[in-house]
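Secondary and tertiary structure notes
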Amino acid sequence: MDLPTPPEVVEALSRRARGDLGYPTWLEEPGAGPLAEAFAERMAARFGWSADPGHVRSFTDINQALQVLLHVATAPGDGVALHTPAYHPFLGTLDTMKRPLHPIQMIPDGGTWRFEVPDLSGCRVLLLVNPHNPTGRVFTRDELTALAEQAERHDLLVISDEIHADLVYEPNRHIPFATILPERTVTLTSATKAFNLGGIRCSVAHLGHRGVREALEAQPPFLYGSTHVFGVEATVAAWRHGDAWLADTMELLDRNRHAISSRLPAGIGYRVPEATYLAWLETGRPGMAEVLEREARVRLSDGAAFGPGGEHCVRLNFATTEPILTEILDRLVRAW
């Protein structure tokens, strides 16, 4: 986000920096300590999910967590089902680790998006991104239940990236996949998106899947590194004390997502996202991110990097102040 850090986080980090920077006690046991406890508290309070803090493991970020999970729970050649267009670092991970992509194509449907639940035979993993990046779709209980049925039928591990769960607009509701299929689901999340903490490098994985827990426990304890005190301090402060800041930020983002709808020039397709601070814009032609950066001096993400369905699109981050968003849209209109 192009916004200030929550003051509660700044205060917590300053307090930690002035105090004890020695070894924290929570390094001693997986699942112990304030990060796991704060995660479980937040899941219960916001989503009605009684997550077990003893099943929580920490990672530097979601991408590392995904790569570790694929490394210990799958093998090269194992198929991974993923909604496309998709968060492009995930596509890069699957390609590098030789886990073939089985796309679940997002389909434009009026003012929103839908998908057909495919036959997931031949897959080992369902990699779910909900809320969805880049379309901003929040999947319904019926859609999640249909995916759960496929996961059961084909004995799939479900890795559910729910990092945008705190960025859902009314009247939509986020449903943790672990509340539907707890024993097959590993949930990944972080405070970094909702609270503008991308550089903090702290995320959590809730390991509902027993086999994954055992596979990780069999690894050397520090092979994948460990979360540092500032990452934990910032995350706990955000989850426990940052909701007033988040509510104000959501009001701004809500105005911004609708402002885009009212200002875009004819010829650019846009469906107002149900979550996230990302606008998925359909330009109808490839290569427009490069053109618009050159002509409008606005840097957008090239949709081609997001895989099938992204070739004629660009992604706009609208987590900024209203005057800057106005300037962005003015430049896009003139260039278009």
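To be clear, the structure that these remarks concern was listed above.
Every chain is numbered on its own, with residues counted from 1 as its sequence reads. Given that this is a predicted model, residues contribute local features only at a pLDDT of at least 70 and side-chain atom pairs are listed and counted only at 80 or more, while totals for whole chains, interfaces and linings are drawn from all residues. In computing side-chain properties, one takes all heavy atoms of the structure into account and sets aside hydrogens as well as water.

Before going further, it helps to spend a moment on the overall build of the protein. Per the convention used, a helix needs a DSSP run of H or I reaching at least four residues, while a strand needs a run of E reaching at least two, with both numbered from the N terminus. Broken down by element type, the protein carries 10 helices and 13 strands. The globule rule used for comparison is 2.2 Å times the number of residues to the exponent 0.38, while the radius of gyration itself is calculated over C-alpha atoms. Its C-alpha atoms give the protein a radius of gyration of 20 Å, within 12% of the compact-globule value 20 Å for 336 residues. Exposed residues in this analysis have more than 50% of their type's maximum accessible area, buried residues have under 20%, and partly exposed residues fall in between, with area computed by a 1.4 Å probe over protein chains only. By residue count, 54% of the 336 residues in the protein fall in the buried class. We call two residues in contact when some of their heavy atoms are within 4.5 Å. Counted over contacts in the protein with a minimum sequence separation of 6, partners at least 24 positions apart contribute 74%. Charged residues are defined narrowly, with Lys and Arg counted positive, Asp and Glu counted negative, and His plus the chain ends left uncounted. To locate a charge, the coordinates of NZ of Lys, CZ of Arg, CG of Asp or CD of Glu are taken. Positive and negative side-chain charges in the protein, numbering 31 and 42 respectively, have mean positions lying 3 Å apart.

Note: strands within a sheet are paired through backbone hydrogen bonds, in either parallel or antiparallel orientation. Taken in spatial order, the seven strands make up an open sheet running E1-E9-E8-E7-E6-E2-E3, and their pairing is mixed. Only two strands of the sheet have a single partner each, and these edge strands are strand E1 (56-59) and strand E3 (101-105). Going across the sheet, the axis of each strand differs from the next one's by a mean of 20°, ignoring polarity. Sheet topology places strand E2 (residues 79-84) next to E3; five bridges connect them, and they run parallel. Across the sheet, residue Thr84 finds its bridge partner in E3, namely Gln105. Axes, fitted as lines to C-alpha atoms, cover a helix only where it is in contact. Angles between the N-to-C directions of the axes lie from 0 to 180 degrees. Its contacts with the sheet put helix H3 (residues 62-73) on E1, E2, strand E6 (123-129), strand E7 (157-161), strand E8 (185-189) and strand E9 (203-207), and the angle it makes with E8 is roughly 160°. Strand pairing is defined by DSSP finding a minimum of two bridges between the two strands.

Glancing now at helix H9 (residues 288-296). By the burial criterion, the buried members of H9 are Met288, Ala289, Leu292 and Ala296. Viewed end-on, H9 has its buried residues packed into an arc of 100°, placing them on one side of the element. The inward-facing, buried residues of H9 contact strand E12 (301-302), strand E13 (313-317) and helix H10 (322-335). Relevant arc is that of directions from the helix axis to the C-beta atoms, nothing else.

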